[in-house]
Amino acid sequence: MDIKRIRNFVMLAEAGSFRRASERLHLAQPALTVSIQKLEAELGARLFDRGPAGVTLTVAGEAVLREAKRLLFFEGQVIAAAHDAVSGTGGTLRIGFVGTTTFGMLQRLLPAYRASYPAVELKLQEAPSVSIIEQLEHGTLDLGLVRTPVMVSTSATLLPLERERLIVALPPGHFLAKRDAIRLKDLAGEAFLMYAQGAASSLRSLVMGACQRAGFVPRISQEATQVQTLLALVESGLGVAFVPSVMRRYASDVIAYREVLDIEHDGAMGLSLAYMADAESPAAVKFREVALRVAAADARRE
């Protein structure tokens, strides 16, 4: 069905005469007549009663008019959706994020983005960094907030948003909690709560490397994928854990967080926005721009 004929029909119904409708449509009257005749033939029903004073809708015409107006409305919606998707102001954005982004970055980033682009539908999915990278490369995610360094080979671009360092979380009543700062060798005999191999391999490698450079291999008592899980185990008194410095915001009255004086930080640890540069949607570009503004504002506050 030709949408132009629907538009001509609605205009004629509202104008009440072929002459007035033709003027408003900037269409010759004979062409309008042919358009209405073809529409009536397609529908198998007479839409107008013709009279000396103009035209009036038939019963069928009244019914068709209601649906025709809805059709024109949705035509406008389709056009607007296409425009928004191309401009980056609409559509859907699928974002993966690691759990630790919920301790600050996500709360700052999402409101800032929504304030500028409220029409974009956000679909958020929590996952480990390695999984997020894999989904980006397979096209099932558009963006990812990941923890770096990412210990896998990837063609994704990583845009640093937040730099961090490792600190140690100590269980309730631990003797080292009496110190303002400690050294790696002070932890040599402790039970370590460690990041699981695979899903949390980047943090595991950082911790294992730091301990080995200090001359010991950590004695691992429990493993977990999520930083929050490790902190819950620390809170239960099962051992110590190295965690990103942002985790100081983890709500606990009994965990003691301490700086480690001699741990090496190469600047690579932190949160980054991951994306596929050759498959970036307009909405993803807008999100990246907002993320850079948020990161810059965070840096100015430090």
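Residues numbered from 1 in each chain as written. Predicted model: local features only at pLDDT ≥ 70, side-chain atom pairs only at ≥ 80, totals over all residues. Heavy atoms only, no water.

Student: Can you help me understand the pattern of salt bridges in this one?
Tutor: Once their charged atoms are close, side chains differing in charge can pair, the charge on each being opposite to the other. The tally for this structure, following the rule as stated, stands at 16 salt bridges. Between Arg165 and Glu259 there is a salt bridge, with the nearest N and O atoms lying 2.7 Å from each other. Taken together, the positions of Arg165 in the loop between strand E6 (157–163) and strand E7 (166–170) and Glu259 in strand E12 (residues 256–260) put the pair 94 residues apart, joining distant regions of the chain. By relative accessible area, Glu259 is classed as partly exposed at 24%. Across the pair Arg204 and Glu223 runs a salt bridge, and its minimum N-O distance is 3.0 Å. Here the residue Arg204 occupies a position in helix H7 (residues 201–213), and Glu223 occupies one in strand E10 (residues 219–224), the gap between them amounting to 19 residues. Overall, Glu223 belongs to the partly exposed group, its relative accessible area being 42%. (Salt bridge = Lys/Arg side-chain N within 4 Å of Asp/Glu carboxyl O. Helix = DSSP H or I, 4+ residues; strand = E, 2+ residues; numbered from the N terminus. Buried < 20%, exposed > 50% of the residue type's maximum accessible area, 1.4 Å probe, protein only.)

Student: Explanation requested: the nonpolar core in the structure shown.
Tutor: Soluble globular proteins tend to bury their nonpolar side chains together. Ranked by internal contacts, the top residues of the largest apolar core, which has 41 residues, are Tyr195, Leu231, Phe242 and Val243. Only E7, strand E9 (191–195), H7, helix H8 (227–235), strand E11 (241–244) and E12 provide two or more residues apiece to this core. Counting 36 residues, the second-largest nonpolar core is a separate cluster that includes Leu93, Leu143, Leu161 and Tyr275. (Core = buried A, V, L, I, M, F, W, Y, C linked by side-chain atoms within 4.5 Å.)

Student: Looking at this structure, I do not really get the packing of aromatic side chains. What am I missing?
Tutor: Taken as a whole and judged by the stated rule, the model has six aromatic pairs. Here Phe192 and Phe216 contribute two aromatic rings whose centre-to-centre distance is 6.3 Å and whose plane-to-plane angle is 45°, an arrangement assigned as tilted. Taken as a pair, Phe192 in strand E9 and Phe216 in the loop between H7 and E10 lie far apart in primary sequence, 24 residues in all. Neither Phe192 nor Phe216 differs from the other in exposure class; each is buried. When the ring of Phe192 is compared with that of Phe242, the centres are 6.1 Å apart and the planes differ by 25°; the resulting orientation is stacked. Placement of the pair is Phe192 in strand E9 and Phe242 in strand E11, with a sequence separation of 50 residues. Neither Phe192 nor Phe242 differs from the other in exposure class; each is buried. Aromatic ring contacts, followed pair by pair, group Tyr113, Tyr117 and Phe287 into a single cluster. (Phe/Tyr/Trp six-rings, centres within 6.5 Å; stacked < 30°, edge-to-face > 60°.)

Student: Looking at this structure, I do not really get the pairing of strand E5 (residues 143–148). What am I missing?
Tutor: Note on strand geometry: in a regular strand, side chains alternate between the two faces of the sheet. Here E5 lies mainly inside the structure; six of its six residues are buried. The alternating pattern of E5 places Leu143, Leu145 and Arg147 on one face and Gly144, Val146 and Thr148 on the opposite face, and all of these are buried. Examined bridge by bridge, E5 and strand E13 (residues 270–275) share five bridges and lie antiparallel to one another. Within the sheet, the bridge partner assigned to Thr148 lies in E13 and is Gly270. (Pairing = 2+ DSSP bridges.)

Student: Just checking my understanding: could you explain the environment of Glu280 for this structure?
Tutor: By the element assignment, Glu280 lies in the loop between E13 and helix H9 (282–301). Along the backbone, Glu280 and Leu143 are 137 residues apart, and their C-alpha atoms lie at a distance of 8.6 Å. Those residues in contact with Glu280, other than ones at most four positions away along the chain, are Tyr275, Val285 and Arg288. In this structure the side chain of Glu280 is engaged in a polar contact, spanning 2.8 Å, whose partner is the side chain of Arg288. (Contact = heavy atoms within 4.5 Å. Polar contact = N/O pair within 3.5 Å; in protein donor to acceptor, adjacent residues only side chain to side chain.)

Student: What's the story with the side chain of His174 in this structure? I'm lost.
Tutor: Within the element layout of this structure, His174 appears in the loop between E7 and strand E8 (181–182). One polar contact links the side chain of His174 to the main-chain amide nitrogen of Leu176, over a distance of 3.1 Å. The contacts of His174, once residues within four sequence positions are left out, are Glu190 and Val240.

Student: Any chance you could explain the sheet that holds E11 here in plain terms?
Tutor: What links the strands of a sheet is backbone hydrogen bonding, and the strands pair in either a parallel or an antiparallel sense. Read across the sheet, four strands follow the order E8-E12-E7-E11 without closing on themselves; strand pairing throughout is mixed. Each of the sheet's edge strands pairs with one partner strand only, and the pair in question is E8 and E11. Against the sheet, H8 contacts E7, E11 and E12, and its axis sits at roughly 140° relative to E11. (Axes fitted to C-alpha atoms, helices over the stretch in contact; angles between N-to-C directions.)

Student: I would appreciate a short explanation of the side chain of Glu164 in the present structure.
Tutor: Mapping Glu164 onto the fold places it in the loop between E6 and E7. A polar contact is formed between the side chain of Glu164 and the side chain of Arg147, at a distance of 2.7 Å. Leaving out residues up to four positions away in the same chain, Glu164 has contacts with Arg147, Pro244, Ser245, Val246, Met269, Gly270 and Leu271.

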